[in-house]
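Residue-level structural notes
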Amino acid sequence: MQVPHKEHLYKLLVIGDLGVGKTSIIKRYVHQNFSSHYRATIGVDFALKVLHWDPETVVRLQLWDIAGQERFGNMTRVYYREAMGAFIVFDVTRPATFEAVAKWKNDLDSKLTLPNGKPVSVVLLANKCDQGKEVLLNNGLKMDQFCKEHGFVGWFETSAKENINIDEASRCLVKHILANECDLIESIEPDIVKPHLTSSKVAPCWWVMQQS
Amino acid sequence: MEYEDKTGRPSKPPSPKQNVRKNLDFEPLSTTALILEDRPANLPAKPAEEAQKHRQQYEEMVVQAKKRELKEAQRRKKQLEERCRVEESIGNAVLTWNNEILPNWETMWCSRKVRDLWWQGIPPSVRGKVWSLAIGNELNITHELFDICLARAKERWRSLSTGGSEVESEDAGFSAADREASLELIKLDISRTFPNLCIFQQGGPYHDMLHSILGAYTCYRPDVGYVQGMSFIAAVLILNLDTADAFIAFSNLLNKPCQMAFFRVDHGLMLTYFAAFEVFFEENLPKLFAHFKKNNLTPDIYLIDWIFTLYSKSLPLDLACRIWDVFCRDGEEFLFRTALGILKLFEDILTKMDFIHMAQFLTRLPEDLPAEELFASIATIQMQSRNKKWAQVLTALQKDSREMEKGSPSLRH
C-alpha cells in the first residue's frame with residue numbers, strides 16, 4: 001500500500017527559567033528516559049523527534065533547548081528565529097519560575113511572529129508535578145484564565161520523572177501548529193485561483209497573505 | 001617469531017594442545033572448540049577427496065582463528081606496554097617538573113623543552129601548581145581576601161535563609177533580588193556540575209568548596225556575578241587545587257580578556273571572537289566551512305558551550321584537563337584551535353550530516369573521544385591566516401566593529 005506522505009519540519013523552542021527541567025522534558029520525550037543527573041545547559045542543546053502523526057503525515061520536531069539564565073538573553077534570542085512553536089516551562093515547586101512565565105511569553109512574542117504576523121503557538125508546562133505542591137492542581141481554573149490572558153494555546157501539568165503528560169502536551173502543540181498552517185493555506189487558496197494573482201504563485205504563502 | 005614458523009608450514013596439522021603448552025600467551029581459545037572428526041562409524045565414510053577438502057577447510061579455519069587470536073593478544077600486549085611506557089614517562093615527567101622546571105619557573109617555562117613536555121600533558125600531581133603559575137595572579141588576590149569574600153557570602157546566605165532583607169546598603173546598584181537570584185542559581189547549578197562524579201552535589205565531599213568559591217566570587221566581582229558555566233570551571237580547579245588557591249586561579253582566569261567577554265556576555269565582543277574563529281576555520285577546513293555555511297550552522301551554536309566551560313562539559317574530564325594544560329600555556333588562541341581540531345577530527349562525519357544532526361553532534365561529542373587522536377588533529381591546525389596570527393586577526397576585527405559602531409554604515413564602502 002503506497003500512501004503519499006506529507007512531511008513537516010517544525011522548529012520548536014523550549015524555554016523557561018534555569019533548572020525548571022527543560023532538558024529533562026526533552027530527554028523524556030525523545031529518549032524515553034529520565035535521570036536526575038543532567039548537566040546545566042550552556043547556550044543551546046538540540047534534539048530531534050519524529051512523529052508519525054497519522055498514516056499520511058510525518059512530523060519532524062527540531063527541539064531547541066535554550067539555556068535559562070537571564071544573562072544569556074541577548075545571546076540566545078537569535079535562536080528564536082523561524083521557530084513555529086514553543087513550550088514555556090516552569091517548576092511548580094518554585095513560584096518564582098512561574099512569575100517569570102509571563103516575562104518569557106512577552107519576550108517571545110515581541111521577538112517572534114509567524115509569517116502572517118500572528119504569535120506562534122505556545123504551550124505552558126507546569127513541570128515537576130510529581131513533587132506537587134497542590135497549589136496549582138487546585139487552581140486549574142485560574143490557570144485556564146492565565147493561559148487565555150497570555151495567549152497560551154494550552155497548559156499541562158507535566159513530570160519528566162514520572163512521564164506525565166509530555167506526549168499529550170506535544171500533541172497539543174503540534175495540533176495547533178498544523179491548524180495554523182492549514183489556516184494559512186486555506187486563506188490564500190481563493191486568491192491563488194484569481195488570475196491577477198497567479199504571478200505570485202511561487203511566493204511563499206505568507207507573502208500572499210500579506211498582499212491580500 | 002615462533003608462530004610464523006608454524007603458519008609457514010600449513011601441511012603440518014596444528015595441534016591446539018601442543019600450542020597451549022608451547023605458547024601460553026597466545027593460546028587460540030576459539031580453535032580449541034573446533035575439532036575435526038570423521039563421520040560416525042554408522043554412516044558411510046567420506047570420499048577421500050571430500051575428506052581432504054574438509055581437512056583443508058578445517059586447517060584454514062584454524063589458521064584464521066589463530067591469526068585473529070594472535071592479533072588480539074598482540075594488541076593487548078601492546079596496550080600493556082603502552083600503559084607501562086606512559087606510566088614510566090609520567091613518573092619521569094613528575095621528576096622533571098618538580099626538580100627542574102618548577103624551581104626555575106621564570107627562566108624555564110617558555111623554553112622549547114618545557115613547552116614540548118607541556119604538550120604531552122602535565123602529570124596530575126603537579127597540574128594544579130603549573131596551572132596556578134601559568135594563570136598567574138595579576139589581581140594580587142591573597143588568601144585573606146578570599147576569606148573576607150567568603151565570610152561576606154556566608155553572611156548573605158544566612159540573611160537570605162532567615163528571610164532578612166534589611167542588610168546591605170553598601171553595594172548600591174545591585175539589588176537584593178539580583179543577588180538572591182544569583183545565589184539561588186549557584187545552588188541549582190552546583191547539583192548539575194559533573195553530576196555523575198557525585199562529589200559536588202549536596203552532601204558530597206566537594207560541595208562546600210564549590211559553593212564557597214562561587215559565592216566568594218559573586219562578592220568579589222558583583223559586577224560579573226554568577227554566570228552559568230562558572231560552576232564547571234571552578235569544579236575543575238577544585239579537583240586540582242586547594243580552595244583558596246582555586247579561588248585565586250578562578251578569579252584570574254575569568255579576568256582574561258576572552259573569558260571576561262564571555263562571562264560578561266558582551267555580545268558584540270563575543271561575535272568578534274566568533275568572526276576571528278571563522279577566519280581560521282575557513283583557512284584550515286574550507287570544505288567543512290562551506291558545508292556549515294550552507295546549513296546555517298553558526299559557530300555560536302557549539303562554541304558557546306565549549307568556551308564557557310573551557311571544554312570541561314563537552315569532553316571527558318581527563319581530556320579536558322589536557323586541553324586546559326595547553327590553554328594555560330598558549331592562552332585563548334588554544335581554545336579556538338582546539339575547536340578546529342575537534343571539527344577536523346570529525347570532518348568526514350560532519351560533512352554527511354544536516355543541520356540538526358551536526359548541532360546535536362557538536363553539542364554532545366562522543367564520550368570516548370581519544371586523546372591522542374584529538375591532540376594529533378589539533379597539532380595540524382595552523383593558527384596563521386595570511387601571515388596574521390590569532391591576536392592580530394582579533395584586533396583587526398575588533399577595530400572594524402568599533403568603526404562600524406562609530407561611523408554610519410553609509411559612510412563605509
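Before reading on, note that the structure itself is shown above.
Residues numbered from 1 in each chain as written. Chains lettered and ligands numbered in written order. Predicted model: local features only at pLDDT ≥ 70, side-chain atom pairs only at ≥ 80, totals over all residues. Heavy atoms only, no water.

**As for helix α17 (residues 317–330) of chain B**
Residues and elements named next belong to chain B. Counted at 1.5 Å a residue, the expected span for α17 with its 14 residues is 20 Å, and the 20 Å between its end C-alpha atoms agrees. Across the 14 residues that make up α17, a large majority, 11, are buried. Listing the buried residues of α17 in full gives Leu 319, Ala 320, Cys 321, Arg 322, Ile 323, Trp 324, Asp 325, Val 326, Phe 327, Cys 328 and Arg 329. One or two steps after α17, the chain reaches Gly 331, where phi turns positive at roughly 85°. (Helix = DSSP H or I, 4+ residues; strand = E, 2+ residues; numbered from the N terminus. Expected span 1.5 Å × (residues − 1). Buried < 20%, exposed > 50% of the residue type's maximum accessible area, 1.4 Å probe, protein only.)

**Description of unusual backbone geometry**
In this structure, A:Asn163 takes a positive phi of about 55° despite not being glycine. In this structure, B:Asn387 is a non-glycine residue whose phi angle is positive, near 65°. If you trace the backbone, B:Asn387 turns up in the loop between β1 (384–385) and β2 (388–389). On the basis of relative accessibility, which here comes to 69%, the residue B:Asn387 falls in the exposed class.

**Topic: the interface of chain B and chain A**
If you look at the interface, chain B gives 33 residues, while chain A gives 26 residues. A buried area of about 2800 Å², summed over both sides, lies between chain B and chain A, and 63% of it is on carbon and sulfur atoms. Per-residue buried area on chain B facing chain A is highest for B:Arg192, B:Gln228 and B:Lys313; these three make up 22% of the total on that side. In this assembly, chain B and chain A are joined by 1 salt bridge. Between B:Glu184 and A:Arg94 there is a salt bridge, and its shortest N-O distance comes to 4.0 Å. Our enumeration of links across chain B and chain A arrives at 7 residue pairs in polar contact (both at pLDDT 80 or more). Elements with a minimum of two residues in the side of chain B that touches chain A: α9 (176–190), α14 (267–284), α16 (300–308) and α20 (355–363) of chain B. The element contributing the most residues to the side of chain B that touches chain A is α20(B), with 6 residues. Tallied by class, residues from the side of chain B that touches chain A come to 17 nonpolar, 9 polar and 7 charged. (Contact = heavy atoms within 4.5 Å. Buried area = accessible area lost by both parts, 1.4 Å probe. Salt bridge = Lys/Arg side-chain N within 4 Å of Asp/Glu carboxyl O. Polar contact = N/O pair within 3.5 Å; in protein donor to acceptor, adjacent residues only side chain to side chain. Nonpolar A, V, L, I, M, F, W, Y, C, P; charged D, E, K, R; others polar.)

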